[in-house]
Amino acid sequence: MADNKKALRAMAKQIIEGKEDQYKIDRDTTTGKDEGDDAFPYEEAPNVCWVVIDKNSGSGYIQISGGGIEARIIQTGPEESGLEQAEIYQDQACMIFGRSTVLYIRPKKKK
């Protein structure tokens, strides 16, 4: 899993390359849970603007929806491989179903 975290971070760094003054990468990954009050964690724009998904993380999926754009679903699990990135547009949310793992990129607060 440590290698996957490094790969997620490396892809996130590529996304914001040259724009580090505008964006920041979360310190740690976010993984969904099977049950409980926080079983379906989600983030919404404008708090997040990109997500990098570990497709080989736990079984589940990521759903990006809202903003009048067709929902996008990215499957994860042991039968999947690689990483995938997705931009999160205004009025969209990114929800984690199952045990999927992601790394969020957020806009930096303007000073």
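Below: a short report on this structure. Treat the numbers as computed from the prediction; the structure is a model and nothing was measured. (Residues numbered from 1 in each chain as written. Predicted model: local features only at pLDDT ≥ 70, side-chain atom pairs only at ≥ 80, totals over all residues. Heavy atoms only, no water.)

### A short note on the side chain of Thr76
In this fold, Thr76 is placed in strand S6 (residues 69-76). Looking at Thr76, its side chain comes within polar contact range of the side chain of Ser100, at 2.6 Å. (Helix = DSSP H or I, 4+ residues; strand = E, 2+ residues; numbered from the N terminus. Polar contact = N/O pair within 3.5 Å; in protein donor to acceptor, adjacent residues only side chain to side chain.)

### Focus on the sheet that holds strand S5 (residues 60-66)
Here four strands make up an open sheet; going across it, the order is S3-S8-S5-S6 and the pairing antiparallel. Strands at the two margins of the open sheet, each flanked by one partner only, are strand S3 (42-44) and S6. Sheet twist, expressed as the average angle between the axes of neighbouring strands with direction ignored, equals 15°. (Pairing = 2+ DSSP bridges. Axes fitted to C-alpha atoms, helices over the stretch in contact; angles between N-to-C directions.)

### Remarks on the pattern of salt bridges
One pass over the full model with this rule turns up five salt bridges. Here Lys5 makes a salt bridge to Asp28, at a shortest N to O gap of 3.4 Å. Separated by 23 residues along the polypeptide, Lys5 in helix H1 (residues 2-16) and Asp28 in the loop between strand S1 (23-25) and strand S2 (30-31) bring together distant segments of the chain. The exposure class assigned to Lys5 is partly exposed, which follows from its relative accessible area of 35%. Look at Asp28 and you get partly exposed, because its relative accessible area is 45%. Of the charged contacts, one joins Arg106 and Asp26 as a salt bridge, the two residues approaching to 2.5 Å between their closest N and O atoms. With a gap of 80 residues between them, Arg106 in strand S9 (residues 101-107) and Asp26 in the loop between S1 and S2 connect regions that are remote in the sequence. (Salt bridge = Lys/Arg side-chain N within 4 Å of Asp/Glu carboxyl O. Buried < 20%, exposed > 50% of the residue type's maximum accessible area, 1.4 Å probe, protein only.)

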